[in-house]
Amino acid sequence: MPNKTPRHPRKATAVIVLGVCLALLGGIGAWLLLGRDTTPSCNGLPENDRVRSSVGQDIGPGMSCQALGEAIVKASTGDAQGRHSLTQAQALKDVLTALGAQGSGELTLDPALRRPLATALADYAPDLHAMLGGIGVQDFVTRAAPETPPWKSDDGTYHLTVLTDTLRDVLHAVAQDPHSYALLRLTETRTTGERLAAVPADAEGFGLSVPPTESARALGTLDAIAEAVTRDLGTSQAQAWRTAVLDSLADDSASPTDGLAAAWLRGLRSTAEEERYESLRTQGVEMTRLWAQQRKMDEQTRQGLLAKVERGALSAYREIEP
């Protein structure tokens, strides 16, 4: 019976190994090609027709992301009284909508755009509060669709509103920069203080419970975004992110000088350093507690309100829990 064994087994083995290597190289080459970051410069915003139309015709391919960020802030910022025109609100809505269309939960924002977008969003503090809090926001919900223009309230200002997923995706992308996250957190802290201070002295029922619960929900949403950001970081990077956030919040030059927000921030600064970040998770409850003390609220009402606020914060956190 003839011998079927190859005369040159080493040569045959070499041929097989070569074939495997070529296949692997081909696969690696394809992975490199497909896995390479193909995100357009500045997230493609300079090439977006709607963004160019609303933010400014000077925007176009080849511009720096820093220049684009400055243009976005300039086009969307309101007047000294915090009022926004239709053009200003539409500009920011078009930018956020364009970013939101780039993939739910997968948005990676050019680093140069994080701080400008945080600055622009902070200029719409009442709108941001309403969208994050998610209570009694019918106007925001019904007008959130991309094609629906900003709406005008009785005081003459136009309001920003976008789809919930769009807002959360953009906030998550912006929050990769801890200083930008701290700016949004400080903005919500101030707004919470203002909303609670505006509750009438004789308020009861929903009139008493909705403002602190809505505020706690807004802060709980920001808690969840912070958790999602740090989860994707290494231990040392996550700690550096948290430290940068706390340092920004503790900056006296950026903090309010009076009112409920200032009182809570003073308490944050006096908290032991190793416990400060954890205290952010209880901010909604603690600001409500301070507010209840200032109003000399009776114990039964105070305890019932604190329980509602705590549930509201936890519910908002779990809605987008990483």
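In the block above lies the structure referred to throughout.
Note that the coordinates shown come from a computational prediction; the quantities given were computed from them, not determined experimentally.

Conventions used here
Residues numbered from 1 in each chain as written. Predicted model: local features only at pLDDT ≥ 70, side-chain atom pairs only at ≥ 80, totals over all residues. Heavy atoms only, no water. Helix = DSSP H or I, 4+ residues; strand = E, 2+ residues; numbered from the N terminus. Buried < 20%, exposed > 50% of the residue type's maximum accessible area, 1.4 Å probe, protein only. Contact = heavy atoms within 4.5 Å. Areas by Shrake-Rupley, 256 points an atom, 1.4 Å probe, with all protein chains shown as cover. Patch = residues over 30% accessible without salt bridge, like charges linked within 9 Å, V, L, I, M, F, W, Y side chains within 5 Å. Salt bridge = Lys/Arg side-chain N within 4 Å of Asp/Glu carboxyl O. Lys, Arg positive; Asp, Glu negative; His and termini not counted. Charge placed at Lys NZ, Arg CZ, Asp CG, Glu CD. Axes fitted to C-alpha atoms, helices over the stretch in contact; angles between N-to-C directions. Parallel < 35°, antiparallel > 145°, perpendicular 65-115°, else oblique. Nonpolar A, V, L, I, M, F, W, Y, C, P; charged D, E, K, R; others polar.

Points about the overall build of the protein chain
Then, in step 1: Along the backbone of the protein chain there are 15 helices and 2 strands.
Then, in step 2: Relative to its full complement of 322 residues, the protein chain shows a buried share of 45%.
Then, in step 3: Sequence separation of 24 or more characterises 72% of the internal contacts of the protein chain that already satisfy a separation of 6 or more.
Then, in step 4: Just so you have it, the protein chain exposes about 17200 Å², and 53% of that area is on carbon and sulfur atoms.

Looking at the environment of L68
Then, in step 1: Structurally, L68 can be placed in helix α3 (residues 65-76).
Then, in step 2: Accessibility expressed as a relative area gives 0% for L68, which makes it buried.
Then, in step 3: With 45 residues separating them in the primary sequence, L68 and L113 have C-alpha atoms 7.8 Å apart.
Then, in step 4: Not counting residues within four places of it along the chain, the set of residues in contact with L68 comprises C42, L45, P46, I59, M63 and L113.

Here's the deal with a negative patch on the surface
Then, in step 1: On the surface, a cluster of negative charge is made up of D247, D251, E273, E274 and E275.
Then, in step 2: Among the secondary structure elements, D247 is positioned in helix α11 (residues 235-249).
Then, in step 3: In this structure D247 comes out as exposed when scored by relative accessible area, which is 51%.

Observations concerning the packing of α3 against helix α5 (residues 111-122)
Then, in step 1: Taken N-terminus to C-terminus, the directions of α3 and α5 make an angle of 5 degrees; their axes are 8 Å apart at the nearest point. The angle between α3 and α5 places the two elements in the roughly parallel class. Residue-level inspection shows C65, Q66, L68, G69, I72, V73 and S76 of α3 in contact with α5, the latter providing A112, L113, P116, L117, T119 and A120.
Then, in step 2: Taken together, the residues of the contact of α3 with α5 break down into 9 nonpolar, 4 polar and no charged.

Here's the deal with the packing of α3 against helix α4 (residues 86-100)
Then, in step 1: As a packed pair, α3 and α4 sit with axes 7 Å apart at the nearest point and diverge in direction by 140 degrees. From α3, I72, A75 and S76 reach across to α4, where they touch T87, Q88, A91, L92 and V95.
Then, in step 2: Class assignment of the residues belonging to the contact of α3 with α4 gives a composition of 5 nonpolar, 3 polar and no charged.

A short note on the pattern of salt bridges
Opposite charge on two side chains makes pairing possible when the charged atoms of those side chains draw close.
Then, in step 1: On inspection of all chains with the given rule, the structure shows 10 salt bridges.
Then, in step 2: R50 is the partner of E147 in a salt bridge, and the nearest nitrogen-oxygen pair spans 3.1 Å. Of this pair, E147 sits in the loop between α7 (138-142) and β1 (151-152) while R50 sits in helix α2 (residues 49-55), and the two are 97 residues apart along the sequence.
Then, in step 3: When its relative accessible area of 66% is taken as the criterion, E147 is described as exposed.
Then, in step 4: With a closest N to O distance of 2.7 Å, D223 and R185 form a salt bridge. Of the two residues, D223 sits in helix α10 (residues 206-231) while R185 sits in helix α9 (residues 178-197), which places them 38 residues apart along the sequence.
Then, in step 5: A residue is classified by how much of its surface remains accessible, and D223, at 9% relative accessible area, is buried.

A few points about helix α8 (residues 164-174)
Then, in step 1: Along α8, 8 of the 11 residues are buried, which leaves the element largely enclosed by surrounding structure.
Then, in step 2: Taken as a whole, α8 has its buried residues at T166, L167, R168, D169, V170, L171, A173 and V174.
Then, in step 3: Where α8 is buried, its residues meet α4, α5, α6 (125-133), α9, α10 and α15 (299-319).

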